[in-house]
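Residue strings, one per chain:
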Amino acid sequence: MDTHPDHLTTPAQLDALLGPPAPAAQHKEIDHVHPLYRRWIEAAPFAVLATSGPGGLDASPRGDPPGFAVVQDAKTVLLPERRGNQRADSLRNILADPRVALLFLVPGLGETLRVNGSARIRTAPQLLARFAVQGKPPFCVLEIAVQSVYFQCARAIQRSGLWRPAPPRTQLDLPTPGAILSALTQGGFDGATYDRELPARQRATLY
């Protein structure tokens, strides 16, 4: 008789399924940005910011040249909030629930770096000026009080082949943003014009 449940409901069941964590998994987590972890953050041009709020969960990309996230000190990371689609899902969540999680990626590197903490939204002019690019400051800066930092092993990146050369978009056979908007509005949105104008608009409003 099979006594294994078809879904898990308790921590004990999960522990029985996975077994104990490896020693490295227990030693890698600390409550501050170690100098070696700092080098990782400073090398990353891309991060995913996760937040939670009354409307639900959100995970959104953040990117700039390496070093865009600044380690102010061992317990503080600064993250600029640049121009986007102005939905501000992450910022609205932080106003309600300051808990955040960051996943930093470095191209070509299998490991990723995770930073958990709590954030507040800063708008002091002198702080914004520190993060100006092409003479344009960010809308605001997230000041993240660090609670835990640790690296994630490379298996997920290795399995996905994320850093392999990518095929041209024309070979991916995926819908364009304009095609999606047109379909979702049943033709009420001019998707062709949107796609045609999007590259120039993005270049003009990058910062």
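Because the structure is a prediction, the values reported are computed rather than measured. Just so you know, the residues in each chain are numbered from 1, in the order the chain's sequence is written. Only residues with pLDDT of at least 70 are given local features in this predicted model, and only at 80 or more are side-chain atom pairs given and counted; all residues enter the totals for whole chains, interfaces and linings. Only hydrogens and water are removed before side-chain values are computed, so all heavy atoms of the structure are retained for them.

Topic: the sheet that holds strand β6 (residues 112–122)
Whether two strands pair comes down to DSSP finding at least two bridges between them. Strands are runs of DSSP state E lasting at least 2 residues, helices are runs of H or I lasting at least 4, and numbering of each runs from the N terminus. Strand order in the open sheet formed by 7 strands is β2-β1-β5-β6-β7-β4-β3, and the pairing between neighbours is antiparallel. Only two strands of the sheet have a single partner each, and these edge strands are β2 (56–63) and β3 (70–73). Shown here is a sheet whose adjacent strand axes are inclined to one another by a mean of 35°, direction ignored. As paired strands, β6 and strand β7 (residues 140–152) are joined by 11 bridges and run antiparallel to one another. Of the residues in β7, the one forming a bridge with L113 is F151. Residue contacts are counted whenever heavy atoms from the two residues lie within 4.5 Å of one another. Comment: axis = line fitted to C-alpha atoms, over the contacting stretch for helices; angle = value between 0 and 180 degrees taken between N-to-C directions. Helix α3 (residues 35–43) rests against β3, β4 (76–81), β5 (99–105), β6 and β7 of the sheet, and its axis sits at about 75° to β6.

Details of the pairing of strand β1 (residues 46–53)
For a regular strand, side chains alternate in direction, first toward one face of the sheet and then toward the other. The two faces of β1 differ: A47, L49, T51 and G53 on one face are buried, but F46, V48, A50 and S52 on the other face are not. Hairpin connection, β1 to β2: the antiparallel pair is bridged by 2 residues. Relative to β5, β1 runs antiparallel, the two being bridged by 6 bridges. Directly across from F46, in β5, lies its bridge partner L105. Accessibility here uses a 1.4 Å probe with only protein chains present; expressed as a share of the type maximum, an area under 20% marks a residue as buried, one over 50% as exposed, and anything in between as partly exposed.

Some points on the layout of surface pockets
Over the atoms a probe the size of a water molecule is rolled, and this reveals where empty space is left. A pocket, in this scheme, is an open set of points on a 1 Å grid over the protein atoms alone with protein on both sides within 12 Å along at least 5 of 7 lines, while a cavity is a set where a 1.4 Å probe fits but cannot get out; residues line either one if an atom lies within 4 Å of a point. Grid points are joined across faces, edges and corners, and a volume is the space filled by probe spheres set on the points. Its volume calculated, the largest pocket comes out at about 990 Å³. Taken together, 29 residues make up the lining of the largest pocket; nearest its centre are P61, R82, R83, G84 and N85. Taken together, the elements giving at least two residues each to the lining of the largest pocket come down to β2, β4, α4 (89–96) and α9 (191–204). Looking at which element gives the most residues to the lining of the largest pocket, the answer is β2, with 5 residues. Gly is put with the polar residues, along with every residue not named as nonpolar or charged; the nonpolar set is Ala, Val, Leu, Ile, Met, Phe, Trp, Tyr, Cys and Pro, and the charged set is Asp, Glu, Lys and Arg. Among the residues forming the lining of the largest pocket, the class breakdown is 12 nonpolar, 8 polar and 9 charged. Every residue along the wall of the second largest pocket is listed here: L14, D15, L18, G19, P20, P21, A22 and A25. Taken together, the residues that form the lining of the second largest pocket break down as 6 nonpolar, 1 polar and 1 charged.

Some details on helix α1 (residues 11–18)
For α1, the tally of buried residues reaches only 0 of 8 residues, placing the bulk of the element at the surface. Where α1 terminates, the next one or two residues include G19, which has phi positive at roughly 85°.

Observations concerning the packing of aromatic side chains
Paired rings are identified among Phe, Tyr and Trp, the last through its six-membered ring, by centres lying within 6.5 Å, and are further divided according to the angle between planes into stacked (under 30 degrees), edge-to-face (over 60) and tilted (the rest). On inspection of all chains with the given rule, the structure shows 3 aromatic pairs. For the ring pair W40 and F151, a centre distance of 6.0 Å and an interplane angle of 20° mean the geometry is stacked. In this pair, W40 sits in helix α3 while F151 sits in strand β7, placing the two residues 111 residues apart along the sequence. What makes W40 buried here is its relative accessible area of 17%. For F151, a relative accessible area of 27% gives the class partly exposed. Considering the side-chain rings of F189 and Y194, the 5.6 Å spacing of their centres and the 70° angle between planes classify their relative orientation as edge-to-face. The exposure class assigned to Y194 is partly exposed, which follows from its relative accessible area of 25%. Through a chain of ring-to-ring contacts, three or more aromatic side chains come together here, namely Y37, W40 and F151. Taking the ring centre of F151 as reference, the NZ or CZ of K28 above it sits at 5.0 Å. To sit over a ring, a charge needs its Lys NZ or Arg CZ within 6 Å of the ring centre and within 35 degrees of the ring normal.

Bear in mind that shape data such as this cannot, by itself, settle questions of function.
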